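Survey of secondary and tertiary structure
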Amino acid sequence: MSTGKEGHILCFFINGKKVTENHADPETTLLSFLRGKLRLTGTKYGCGGGGCGACTVMVSCYQPATKSIIHYSANACLLPLCQLHGAAVTTVEGIGSTKTRIHPVQERIAKAHGSQCGFCTPGMVMSMYTLLRNKPQPTMEDITQALAGNLCRCTGYRPIVDGCRTFCQEANCCQANGGGNCCLNGEEAPDESELRKPQLFDKEGFLPLDPTQDLIFPPELILMAERSNPQTLTFFGERMNWVSPASLEELVQLKTSNPQAPLVMGNTNIGPDIKFKGILHPLIISPTRVMELFEVTQTPQGVWVGAGCSLSELLSLLEKLVPQFPEEKTELFRALIQQLGNLGSQQIRNVASLGGNIMSVHPNSDLNPVLAAGSCKVSVVSKAGGRREVPLNQDFFVSFGKTILKPEEIVVSVFIPFSRKGEFVRAFRQAPRKESSFATVTTGMRVFFSEGSRVVQDVGLYYGGMGPTTVSAAKTCAAIITRPWDDETLSRAYDILLDELVLPPSAPGGKVDFRRSLTLSFLFKFNLEVLQKLREMNVITDELPEKMQIQPLPREIQPSLQEFQHVSEGQSDQDPVGRPIMHRSAISQATGEAVYCDDIPRTDGELFLALVTSSRAHAKITGLDTSEALRLPGVVDVITAKDIPGKKVRTMFGYNEELLAESEVSCIGQMLCAVVADTRAHAKRGAAAVKISYEDLPDLVFTAEEAIEKSSFYEPRRVIERGNVTEAFETVDRLYEGEIRIGGQEHFYMETQSMLVVPVGEEREFNVYVSTQWPTLTQDVVAETLDTPSNRVTCHVKRIGGAFGGKVTKTTILASITSVAAWKTNRAVRCILERGEDMLISGARHPILGKYKVGFMNDGRIVAADIQYYANAGHTVDESLLVAEKILLHIDNAYNIPNLRGRSAACRTNLPSNTAFRGFGVPQSITVVENMINDVAVVLGRPVDQIREINMYKGLAVTHYKFEFSPENLLRCWEECKVKSDYSARRRAADQFNQQHRWKKRGMSIIPIKYGIAFSEGFLNQAAALVHIYKDGSVLVAHGGTEMGQGIHTKMQQVASRELHIPSSKIYISETGTNTVPNTCPSAASYGTDANGMAVKNACQTLYQRLEPIRQKNPKGSWESWVEAAFFEKISLSATGFYRGPDLHMDWDKMEGQPFSYFTFGVCCCEVELDCLTGDYRTVRTDIVVDIGRSVNPSVDIGQIEGAFTQGLGLFTLEELKFSPSGLLYTRGPSQYKIPAVCDMPLRFNVYLLSDSHNPHAIYSSKGIGEPILCLGSSVFFAIKDAVAAARSESGLVGPFSLDSPATPERACLACASPFTQKIPASKPGSFKPWALNI
Ligand SMILES: Cc1cc2nc3c(=O)[nH]c(=O)nc-3n(C[C@H](O)[C@H](O)[C@H](O)COP(=O)(O)OP(=O)(O)OC[C@H]3O[C@@H](n4cnc5c(N)ncnc54)[C@H](O)[C@@H]3O)c2cc1C
Ligand code: FES
Ligand code: FES
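Residues numbered from 1 in each chain as written. Chains lettered and ligands numbered in written order. Predicted model: local features only at pLDDT ≥ 70, side-chain atom pairs only at ≥ 80, totals over all residues. Heavy atoms only, no water.

Some words on the site of ligand 1
Taken together, 29 residues form the shell around ligand 1, and within it Met265, Gly266, Thr268, Ser353 and Asp366 come nearest. Within the contact set of ligand 1, an oxygen atom lies 3.1 Å away from a backbone nitrogen or oxygen of glycine 344. Between ligand 1 and the protein, one listed contact pairs a nitrogen atom with a side-chain N or O atom of aspartate 366 at 2.7 Å. Alone, ligand 1 offers 980 Å² of accessible surface; in the complex the protein occludes 92% of this. For the shell around ligand 1, the secondary-structure elements that each account for two or more residues are α15 (354-360) and β15 (410-417). Its residues assigned to classes, the shell around ligand 1 comprises 13 nonpolar, 14 polar and two charged. (Near = heavy atom within 4 Å. Polar contact = N/O pair within 3.5 Å; in protein donor to acceptor, adjacent residues only side chain to side chain. Areas by Shrake-Rupley, 256 points an atom, 1.4 Å probe, with all protein chains shown as cover. Helix = DSSP H or I, 4+ residues; strand = E, 2+ residues; numbered from the N terminus. Nonpolar A, V, L, I, M, F, W, Y, C, P; charged D, E, K, R; others polar.)

Digging into the pairing of strand β1 (residues 10-14)
Here β1 lies mainly inside the structure; five of its five residues are buried. Burial along β1 is two-sided: the residues Leu10, Phe12 and Ile14 and Cys11 and Phe13 are all buried. The sheet contact formed by β1 and strand β2 (residues 17-21) spans five bridges and is antiparallel. Bridging across to β2, isoleucine 14 finds its partner in lysine 17. Once β1 ends, the chain turns through two residues before running back antiparallel as β2, passing asparagine 15 with a positive phi of about 50°. (Buried < 20%, exposed > 50% of the residue type's maximum accessible area, 1.4 Å probe, protein only. Pairing = 2+ DSSP bridges.)

Thoughts on the sheet that holds strand β28 (residues 691-696)
If you trace the three strands from one edge of the open sheet to the other, you get β26-β22-β28, paired in antiparallel fashion. Each edge of the sheet is formed by a strand with only one pairing partner; in this case those strands are β26 (664-665) and β28. Strand direction decides the pairing type here: strand β22 (residues 619-625) and β28, joined by six bridges, are antiparallel. For isoleucine 621, the partnering residue across the bridge sits in β28 and is tyrosine 694.

Things to note about the nonpolar core
The tendency in soluble globular proteins is for nonpolar side chains to be buried as a group. The biggest cluster of nonpolar side chains holds 153 residues, and the ones touching the most others in it are Ile867, Tyr869, Val1035, Trp1119, Ile1184, Phe1205 and Ile1269. Discounting residues that sit within four places of it in the chain, isoleucine 1184 has contacts with Val1163, Cys1164, Ile1201, Phe1205, Phe1245, Asn1246, Val1247, Tyr1248, Ile1269 and Leu1272. Membership of the second largest hydrophobic core comes to 78 residues, among which are Ala24, Cys77, Leu78 and Ala87. (Core = buried A, V, L, I, M, F, W, Y, C linked by side-chain atoms within 4.5 Å. Contact = heavy atoms within 4.5 Å.)

Focus on the pattern of salt bridges
By the definition in use, this model includes 82 salt bridges. One salt bridge connects arginine 133 with aspartate 214, and the closest N-O pair in it is separated by 3.5 Å. Here arginine 133 is found in helix α4 (residues 121-134), whereas its partner aspartate 214 is found in the loop between α8 (192-196) and α9 (219-226), with 81 residues between them in sequence. Close ionic contact of aspartate 162 with arginine 158 constitutes a salt bridge, the shortest N to O distance being 2.9 Å. (Salt bridge = Lys/Arg side-chain N within 4 Å of Asp/Glu carboxyl O.)

A word on the environment of alanine 352
Locating alanine 352 in the fold gives a position in the loop between α14 (346-351) and α15. Put simply, alanine 352 and cysteine 309 are 43 residues apart on the chain and 8.2 Å apart in space, counted from C-alpha to C-alpha. Setting aside residues no more than four positions away along its own chain, alanine 352 makes contact with Gly266, Thr268, Cys309, Ser310 and Leu311.

Description of the packing of aromatic side chains
Evaluated as defined, the whole model comprises 31 aromatic pairs. An angle of 90° between the planes, with centres 5.0 Å apart, marks the rings of phenylalanine 119 and tyrosine 596 as edge-to-face. Note that phenylalanine 119 is positioned in the loop between α3 (104-111) and α4 and tyrosine 596 in the loop between α20 (586-591) and β21 (607-613), a separation of 477 residues in sequence. Judged by its relative accessible area of 6%, phenylalanine 119 falls in the buried class. By relative accessible area, which is 2% here, tyrosine 596 ends up buried. Aromatic pair phenylalanine 325 and phenylalanine 418: ring centres 4.7 Å apart, planes at 50°, arrangement tilted. (Phe/Tyr/Trp six-rings, centres within 6.5 Å; stacked < 30°, edge-to-face > 60°.)

Examining unusual backbone geometry
A cis amide bond links glutamate 715 with the next residue in sequence, proline 716, at an omega value of 5°. Checked against the element boundaries, proline 716 lands in strand β29 (residues 713-722). Note that the residue after serine 1301, namely proline 1302, is joined by a cis bond; omega there is 5°. You can see proline 1302 is positioned in the loop between α37 (1274-1290) and α38 (1305-1312). Even without being glycine, serine 436 reaches a positive phi, approximately 55°. In the Ramachandran plot, lysine 1130 falls in the positive-phi region, its phi being about 60° despite a non-glycine side chain. On the basis of relative accessibility, which here comes to 78%, the residue lysine 1130 falls in the exposed class.

What about the sheet that holds strand β41 (residues 1022-1029)?
As summarised here, the arrangement of the four strands in space is β43-β42-β41-β45, forming an open sheet in which the pairing is mixed. Every other strand in the sheet has two partners, leaving β43 (1067-1068) and β45 (1134-1140) as the edge strands with one partner each. This element, helix α33 (residues 1048-1060), spans β42 (1035-1039) and β43 of the sheet and lies at about 125° to β42. Where helix α34 (residues 1088-1113) meets the sheet, it contacts β41, β42 and β45, and its direction lies at approximately 140° from that of β45. (Axes fitted to C-alpha atoms, helices over the stretch in contact; angles between N-to-C directions.)

A short note on α37
Given a rise of 1.5 Å per residue, 17 residues ought to cover 24 Å, and the 25 Å separating the end C-alpha atoms of α37 matches this to within 8%. Taken across its 17 residues, α37 has 13 buried, putting it largely inside the fold. At the C-terminal side of α37, glycine 1292 shows a positive phi close to 80°. (Expected span 1.5 Å × (residues − 1).)

Quick notes on the packing of α4 against helix α5 (residues 140-147)
Two numbers describe how α4 lies on α5: the axes approach to 9 Å, and their chain directions differ by 135°. As far as their axial angle goes, α5 and α4 are oblique. Crossing handedness for the pair α4 and α5: right-handed. For the pair formed by α4 and α5, the contact residues are Met124, Ser127, Met128 and Leu131 on the first element and Asp142, Ile143, Ala146 and Leu147 on the second. (Parallel < 35°, antiparallel > 145°, perpendicular 65-115°, else oblique. Left-handed = near helix turned anticlockwise from the far one by under 90°.)

Coordinates in, geometry out; function isn't part of it.
This is how it looks when you write it as structure tokens:
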């Protein structure tokens, strides 16, 4: 929007084309410009805060000083448009397209099966592309670094890394070996049978990397950059102005006149503040063109680095300097290199500046503690004070966000000194996730000894994460200085440090005991390293026993194995069933051409909808004032419950849920009303201006315990029992009672909830474009909300950017509200949730409290178990009752427990309503059971795998709901997994490792899963399809399943290809639409392929039979000739197909039934290495054997297995939803909520599909696989628990112990009970209000 003021013309290039903006708005980011203005929608929005990498682009700039061009990856969501003057931006569309030529990176990620839903793919492609621009033959380390800031929720990363690995020089050797046995590892070349094994992809045909195909840097920009006399640039926006001075004098002048205006460099601190905290800066000063801020000067004492240098530039500078100097001079440089390598992601480091990091004064800054410990200083300038040097010491960091500098002072450069002989500097950090995560605690430590002595001359210890800003442990330093560095000094130092760095028990950020123990652990680690140095310098002679040494955790990703069966010998080459066919949209996803909901072009007059949600957990609404919102520019209307023409509530299981709350709210995040405006920004501002007044209501219920106390449940609560548990308890050798809490899990689909409702303009007809797993439910709910018949509402789902259960019910409510806005305004309305809103509103996986009592014999047989589950359902029932039922149907997992009782309750609480999530309660269910079995083993002092084996189903088995099945393939998976993983030998090796290491432990576990497939509500087991053959022979298939990355369209294409006997290339699937296939069931319960595959098969068989007479007349004719002939003979070339699935049922009164069609079996063995001092761990190896019958598409199925496992790994070891004591979700973005990233991949990740397995219950003898393997993520949890047990035994602690899920570094470290954690005095429960609820 023009402001009337004339600013400069912004000039830059995108994909080789010049862009000039006459009225660049400083509030516009590159991402919104690309997507909104240029319609380059390949660059995706995933979080808006630099935390997910979906928006990655490459920025190229010309540097006149060196006459060179630099390329770097950056997050478009944080790049202010105005910052780009003179730059060239390359987006995914700029490197390749299906219209011209795809780029090798796009090809290889796609063909290696690295794109499932595809929403992360353009970002992955651009990170990798930028790496290749800078280094055409990268190492694996380069690749994992480049991808560290790109999140993928679908694949588990292995296929992406494998696709990228093909660019590595080192990888080219071992690829042909099928991985695993790389000749570079010194292992033998594979035998012929290995070479004959089918491969997931063939790299031989890949396009070569050809740098001549890259866009050249625009010469015009070189001229622009070299032009002398650069002028000040000014841009004026609606609410914000932007000035970019061209000289230091001008910058000083500007800052003097506007001391409160921020200096925006990388915008990685200011940007998120503006976006997420709503901070408005009327003026931004952008000093990126002030040369002095980028100068680097070396002196005999160290190096002055310009404050404007990016952290990546600083890193490569230091890496360049280190080899040039003796080791003793570069202690500080190396400590900084280590910290920089782990700070943020590459995209962040490429733009974030050194001065910005210091001046952001983030309490968890990784650099500040090291810079301070290393006696660095800054050179600052201001008009009044001129130039001065200020030491970066404890006085510099004043308080949260504040330094000692005056507001008008500008940091010009930072001095990083050389270290002296006898001086050691180290940095340590521990973060919730190994990479791309702010640290929980971070530290810089320095000690200086006089020559040849262990007496400390000087010492500096600084910590981040221990208060509102970087803090110095000055008292501890005082206790160390002038003393010899020995046990006595150190042991005093620990005690003083403990007293000095105290956190109140309710400190913001929580994890108080962990943070305090980390301060000690880091000092201890520092001590070990210093002792080693003193030993090397012959100052001390006593050797540190090997057991006490600490080596870093392993991190090298090894090639892995994916084994599957060849198709049978007689199968025609044209028949794609059973072959590893690439996801049919993978290439379009990799080129950014694939269209997701928010990529649909805007229609004329389209409006944007933003929601207003409750800020109270339980309150009466006493007022809703929309007047101010309605006065704001662009705001068109506010939609409240009163505007809903039809049904205002959605009823599930007898409970009503209001679409928009009218009189009362029952959780923070409940939707109250919605603002529609001409732009997204205006709608958001409008929503912020709606004023709601509340009157709080009593009786808040948040936790399972509170629900139990207040009997706050959704009914019915279910019980199932076989045998007689109570009596059996009387007969057993031993009884044990335990409990485990399993936290919830955010879906974190990369594409947030998205929908666009377009009124057709007549007879109340609407087109709803929506990202949902259940188009029919959306259609039904929208229709009843608008009080119109379903035949006027058509839902279209082209593809979904990840769903995982979160886009079934929740989407329908959002779509209904959006449709009311479209109906009322008679204009198209789009609603795309921001990541934070999505996380707040749309619910998660149910947190579970599991309690059990188990009776067993001394020989390991479990005779009886009584298990009680409490699922935290939240403020509406949603699908919680079904989740609670499915939990009970899996309490046997793989075990035959003759007397087994399960009870489950869905707790009604004042938290957002939880919903379906891949596995639907089963992962939580079996983890409680496996924990119980673990306890039995520990009580008996037996290996837990033996207890599992003893109790496993054998022979003809009957479940606790009287369902007969054969566990043969379960047992085959178990045996095969033990063999493939070399379980026994590695178990012994792990035990030996544990004896040899005090501070690191290895843990192993092997876990089975028996997972019931299909819907227990029998009516949902149905599907339909519609297949058209057009006169040119091309075929259009429509079916009821939605494509959300699981590859259902690819599989349906394979089915149609087999049944019609034509190549897949003739078959197309456009979308899932309620106008082509009505009354569909959700794509869920791992049943999509089973049901829709049969329907497509049915339709195709009908058509094939219809063509039979034509074929007989002309057996040698082509497909096209038959189709043409059929048309002229008036044979219908369109057919519907239908599949009536099994009539499954469960009778809860009789406690019996057939709730599943069959079982998918799997077994997973994991090994981890744990750092007991920090809780950091690495999954060293994972082997999974899965029985999925005859896979329809092994690449798609292995993708599901790896992706689900990784999501399970996240659930059980990483992902934590944190709520405030008043019920507000704190974790509302990737900065606070960590899903697995590349760094979490098992270093060796092998998947084997069980051979020679058949399944008579599903298409082509296959089995459903979407969900089951998520449960096996728990094997990482149990491997960690195993490692923790080994650590505890060092502290003399034996017997069962409690470890809740997720086993985060915090929980693992505290459970290890090291001498340091034991020093932390426990806070008295009840004496304080914890920072977060324990739900
Ligand atoms: C996703 C993400 C992950 C991150 N992870 C980490 C991490 O793991 N560890 C870590 O330490 N940090 C991390 N950060 C923080 C990041 O390092 C800082 O935000 C960054 O260094 C700030 O630099 P900037 O150039 O982007 O600052 P800007 O946002 O541009 O500015 C920040 C502040 O610094 C001031 N400023 C900038 N330059 C100067 C100057 N020369 N003189 C005076 N004042 C100045 C500005 O006025 C402003 O107030 C992360 C940030 C993000 C978004
Ligand atoms: S959208 Fe930019 S990093 Fe997530
Ligand atoms: S393919 Fe990576 S998020 Fe879906």
